[in-house]
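Summary of structural features
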Amino acid sequence: MNNLLELPKPVPFEFLINGRYLRTSIDEYLTANGISAETVLDVEYVRALIPPLHVASFLHDDWVSAVDVLSGTSHVAQWSSKEIQSGKERILSGSYDGLLRMWNLSGETIAVSPSAGNGGHSSSIKGVRMASPNQIVSCGIDRTVRLWKYSESEDGLSASITPQVEYYGHKGSVDSIAVHGPSSRILSASADNTVGFWSTKKSESPEAPSDLLPSSASRSAKRRKVKSSVSTPQRGPLALFESHTAPVSAAIFDTKDSTVGYSTSWDHTLRTWDLVTSALVDTRTTSYSLLCVEHLPQLTLLAAGTAARHITLIDPRDSATTVSAMTLRGHTNVVVSLARDPNSQYGLISGSHDGTCRIWDIRSTKTEKDGVVGESIYSISRKSVEDEGKRMGGDGVKVFDVCWDKTVGIASVGEDKAIQINRGEGILQKDAVSK
């Protein structure tokens, strides 16, 4: 292929037939599939994925639960008219110490959120997302969703994270959030079995339920009570969706239609919501608890990480005849985080409590008795484990969250108290077709 394309330097390629990777010789493929040697095959070639190499690790004082990226190619940049200059990319992290941190790519912390007594979270943070270049949304075990203002100095050497709005409505830990900047909307997933729907505009948000406010006289004595010296506006949800029968693990917006939301739960279901009417549109029931979800819009599929250590791909359309369209296997512990490959509609990365992130191309599959099964292309281990030696008697340190950005690369966080950045060449969607 390199000779045919007359490339100046050899490039590794992989080949696909009928949308699946060729892992044998063509003769073996024809025999296995009962195809005549005289049949014309459409063979697609793609540039092979180069293994993502470790670039850097940024250390924290406690476990790191959540991560997001602000760059010229991030989702925030696509929503905003503000240009993110090259060299001024930022990484946002949320930690079990209750603090948000903003990092530059040199590994320097340029901003830290206030502590509990000054308007910050009163317990561990579980989710963070950039809503715009100047706004951050977070959630945590303290049952709140919070909106923050983010601003930088002109030289970019320092920045501030200041409280804007505190949202109350959940009665349990808020474990995951998603943001849609153009519509000023937030989705939250809570251990109280509900999905929260919120507005980043204070004027649109209703008053917070009085019985859930920290100052409420009816508040349980068992709940942590922190007196704050900062007066931050307190607001409630636009709606709470209550159909799940167990803790909700994740909630996301449909990538193409922000009036549609999806949620996954320990009750084994993936549910589709009409966010305009707050109506439950569809329920897909699986055989296992679902712990995270990601949308693959070009393929009209939802990927859900499971407590059964695999990823299931679900077609949410009414015309789908089966719940699971494909299963991705390889992890040895629960799958808790997913992110799309920004370079390919077929790519996906997962984070697991087995201490690895795995990269998948859903065209790399085989057919087994129980359906179509995919295997990971690469596995990324924690640098901290490689340096110190694997833990005795178990997996490596748990990965809690992963984000894949076209500019920065793969940012993953976990139990080793670190943001780990890996970077490699992306899979090209399609180079050419030969027969």
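Residues numbered from 1 in each chain as written. Predicted model: local features only at pLDDT ≥ 70, side-chain atom pairs only at ≥ 80, totals over all residues. Heavy atoms only, no water.

**Here we look at the overall build of the chain**
Looking only at helices and strands, the chain features 4 helices and 35 strands. Relative to all contacts within the chain whose residues are 6 or more apart in sequence, the contacts with residues 24 or more apart total 58%. For the chain, the computed accessible surface area is about 19,500 Å², with 47% contributed by carbon and sulfur atoms. (Helix = DSSP H or I, 4+ residues; strand = E, 2+ residues; numbered from the N terminus. Contact = heavy atoms within 4.5 Å. Areas by Shrake-Rupley, 256 points an atom, 1.4 Å probe, with all protein chains shown as cover.)

**Topic: the pattern of salt bridges**
If you walk through the whole model with that rule in mind, you get 13 salt bridges. A salt bridge links Glu-294 to Arg-340; its shortest N-O distance comes to 3.1 Å. Of this pair, Glu-294 sits in strand β22 (residues 290–296) while Arg-340 sits in strand β26 (residues 335–340), and the two are 46 residues apart along the sequence. When salt bridges with common partners are traced through the structure, they connect Asp-142, Arg-146 and Glu-166 into a single cluster. (Salt bridge = Lys/Arg side-chain N within 4 Å of Asp/Glu carboxyl O.)

**A short note on the pairing of strand β11 (residues 145–152)**
For strand β10 (residues 135–140) and β11, the ladder comprises 5 bridges, and the chain directions are antiparallel. In the sheet register, Ser-138 faces β11, and the bridge partner there is Arg-146. Connecting β10 to the antiparallel partner β11 that follows it, the hairpin turn spans 4 residues, and Arg-143 within it adopts a positive phi of roughly 75°. Where β11 and strand β12 (residues 159–167) come together, 8 bridges link them in antiparallel fashion. If you follow Ser-151 over to β12, its bridge partner there is Ser-160. Counted along the chain from β11 to the antiparallel partner β12, the turn is 6 residues long, and its residue Gly-156 has a positive phi close to 75°. (Pairing = 2+ DSSP bridges.)

**Brief notes about the side chain of Ser-138**
With respect to the helices and strands, the residue Ser-138 is situated in strand β10. A distance of 2.7 Å separates the side chain of Ser-138 from the side chain of His-121, its partner in a polar contact. In this structure, Ser-138 is in contact with Leu-100, His-121, Gly-127, Val-128, Thr-144, Val-145, Arg-146, Trp-148 and Ile-177, ignoring residues within four places of it in sequence. (Polar contact = N/O pair within 3.5 Å; in protein donor to acceptor, adjacent residues only side chain to side chain.)

**Comments concerning the pairing of strand β5 (residues 64–70)**
Remark: a regular strand shows side chains that alternate across the two faces of the sheet. Most of β5 is tucked away, with 7 of its 7 residues classed as buried. Alignment of β5 against strand β6 (residues 90–95), held across 6 bridges, turns out to be antiparallel. By the bridge assignment, Ala-66 is partnered in β6 with Gly-94. (Buried < 20%, exposed > 50% of the residue type's maximum accessible area, 1.4 Å probe, protein only.)

**Examining the sheet that holds strand β31 (residues 378–381)**
Across the sheet, 4 strands lie side by side as β26-β27-β28-β31; this open sheet has antiparallel pairing. Single-partner strands in this sheet number two, and they are β26 and β31. Between one strand axis and the next, the sheet turns through 20° on average, direction left out of account. Pairing analysis gives 4 bridges linking strand β28 (residues 356–361) to β31, with the strands arranged antiparallel. When the sheet's bridge partners are listed, Cys-357 is paired in β31 with Ile-380. (Axes fitted to C-alpha atoms, helices over the stretch in contact; angles between N-to-C directions.)

Keep in mind that these numbers describe shape and distance, not what the molecule does.
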